[in-house]
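Observations on chain architecture
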Amino acid sequence: MIGTVGHSDWRERLPTNIRELGGIADTSVQLALDELLSNGRVSTSTGESLFLEADLLDVMLLGHAIKKSRYENEVYFNSNLHVNTTNICVLACRFCAFRRGPRAADAYALNVEEYLHRIRPFSTRIDEVHSVGGLHPEWTVEHYAELISSAKEMFPHLSMKCLTAVEIKHLSQISGIEISEVLSTLIDAGLTSLPGGGAEILDDDVRKVICNGKESSEEYLEIHRTAHLMGLPTNSTMLFGTIESASQRITHLDRIRKLQDDTQGFQCFVPYPFLPDRTRLPQAQHSTGSETLRTISISRIMLDNVPHIKAYRMNIGDYLSALALNAGADDVDGTVGHEEIMHEAGSLTSVEDDLDRLSKLIEDAGGVPVRRSTTYDQFVIHRRRPPSDDQRWVSLPVADMV
Ligand code: SF4
């Protein structure tokens, strides 16, 4: 099992894992389990009741049992670096603390040399660059193609996970070409996958308030559909704790799983709460830690066809991420090295580039740390040497795992 993409018969394994974890008492959670076992899928009405009335510990237990049935104790991470290309943006989403106007004193836009300069110090210990940024008023698709191809030329081992759906839409508009042409240009330059950012809540009433001017829900889904049909894997996200209702969160999850039914192109789903500092959304409800854990668990329960659920450390922090690994999440993103978007909004999560510290977080939560590639097709166990060996950690090939 170690280092594979999980058990396809996870539903059959579920009753045993539920039993071993102590069983379920809550009626809504039991109904969700019954639906999973009989129909293969939890209905939207049951999903809503998991938000509104179900016992938190039972929701977490079901989320964790599904995770264990799929991946046993494995927890995935990668060794990556976040490089934001520019903070200049033509939009001004109300939740965003990252964007700047072009004349702001701290506005920046990386040229190719500056981009490579950011990567170079990390290049020997990472295998992925995650690059997103604002919607620059002048950059066309050629600029991004040059950034990606230059990085691939200099560091051929790196996967390039770049550009959210709204950036792809912006490039299509500014370059006057179809979405598919933007994607094919970037794929030719070396693009590996798309991150999932920008999904926020896939409900246009919510989007009008929190990110007016951004792509519509339908456009977000269509851009990901186009990517999937072109063979480009993507992630998806959910930004919760702004103004949305439980029903709108469930609509979001349902829209993701319906697209996934068609394309199977989503690799990972990343639910994270709105961080309020320095942003402009006073009416936001803000998520508590309990609400965040519940939402991660419900994401695992509802998204029966999306392989991985991520506890996004850069947003929810290490402590909550560790708890999320026992509530349905099987991935903690990566070493990251540098991060601006969540830290501008108030995140205090360490970006210390330390595989051992990340592996310790996973092991202390009862997991087996598995370093993965961007596309979840290469795996290496990263585990502690015996105590006599100075408590140091080591990466082992999968075959050496006992
Ligand atoms: S969320 Fe993205 S599109 Fe919206 S203002 Fe921030 S950088 Fe611009």
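The rules behind the values
- Residues numbered from 1 in each chain as written.
- Predicted model: local features only at pLDDT ≥ 70, side-chain atom pairs only at ≥ 80, totals over all residues.
- Axes fitted to C-alpha atoms, helices over the stretch in contact; angles between N-to-C directions.
- Helix = DSSP H or I, 4+ residues; strand = E, 2+ residues; numbered from the N terminus.
- Parallel < 35°, antiparallel > 145°, perpendicular 65-115°, else oblique.
- Contact = placed C-beta atoms within 7 Å.
- Nonpolar A, V, L, I, M, F, W, Y, C, P; charged D, E, K, R; others polar.
- Pairing = 2+ DSSP bridges.
- Domains from an automatic or database assignment.
- Left-handed = near helix turned anticlockwise from the far one by under 90°.

Moving on, we come to the packing of helix α7 (residues 165-175) against helix α10 (residues 217-229). Geometrically, a packed helix pair is captured by the angle between its two axes and the distance between the axes. Contact geometry of α7 with α10 gives a least axis separation of 9 Å together with a crossing angle of 85 degrees. Taken together, α7 and α10 sit at an angle that is classed as roughly perpendicular. Mapping the contact onto sequence places Ala 165, Ile 168 and Lys 169 in α7 and Glu 219, Tyr 220, Ile 223 and His 224 in α10. In terms of residue class, the contact of α7 with α10 is made up of 4 nonpolar, 1 polar and 2 charged.

Let us look at the sheet that holds strand β3 (residues 128-131). Strands pair in a sheet through their backbones, by hydrogen bonds, and they do so in one of two ways: parallel or antiparallel. Taken in spatial order, the 3 strands of this open sheet run β2-β3-β4, and their pairing is parallel. With one partner strand each, in any of the chains shown, β2 (80-82) and β4 (159-162) form the two edges of the open sheet. The average undirected angle you get between the axes of adjacent strands in this sheet is 20 degrees. In terms of strand pairing, β2 meets β3 through 3 bridges, oriented parallel. Among the inter-strand pairings, Asn 80 is bridged to a residue of β3, identified as Glu 128.

To continue, consider the domain arrangement of the protein. You can read the domains of the protein as domain 1 (10-71) and domain 2 (75-354 + 361-368). Summarising the inter-unit geometry, the C-alpha centres of domain 1 and domain 2 are found 28 Å apart. Tallying the contact residues gives 20 residues for domain 1 and 21 residues for domain 2. Looking at the side of domain 1 that touches domain 2, the elements with two or more residues in it are α2 (27-38), α3 (44-52) and α4 (56-71). Here the side of domain 1 that touches domain 2 gets 9 residues from one element, more than from any other, and that element is α4. Its residues assigned to classes, the side of domain 1 that touches domain 2 shows 12 nonpolar, 5 polar and 3 charged.

Once that is clear, we can look at the packing of helix α8 (residues 179-189) against α10. In contact at an axis separation of 10 Å, α8 and α10 are set at 50 degrees when each is read in the N-to-C sense. Taken together, the axis directions place α8 and α10 in an arrangement best described as oblique. Note on packing geometry: the crossing formed by α8 with α10 is right-handed. Counted together, Ile 179, Ser 180 and Leu 183 of α8 and Ile 223, Thr 226 and Ala 227 of α10 form the full contact between these two elements.

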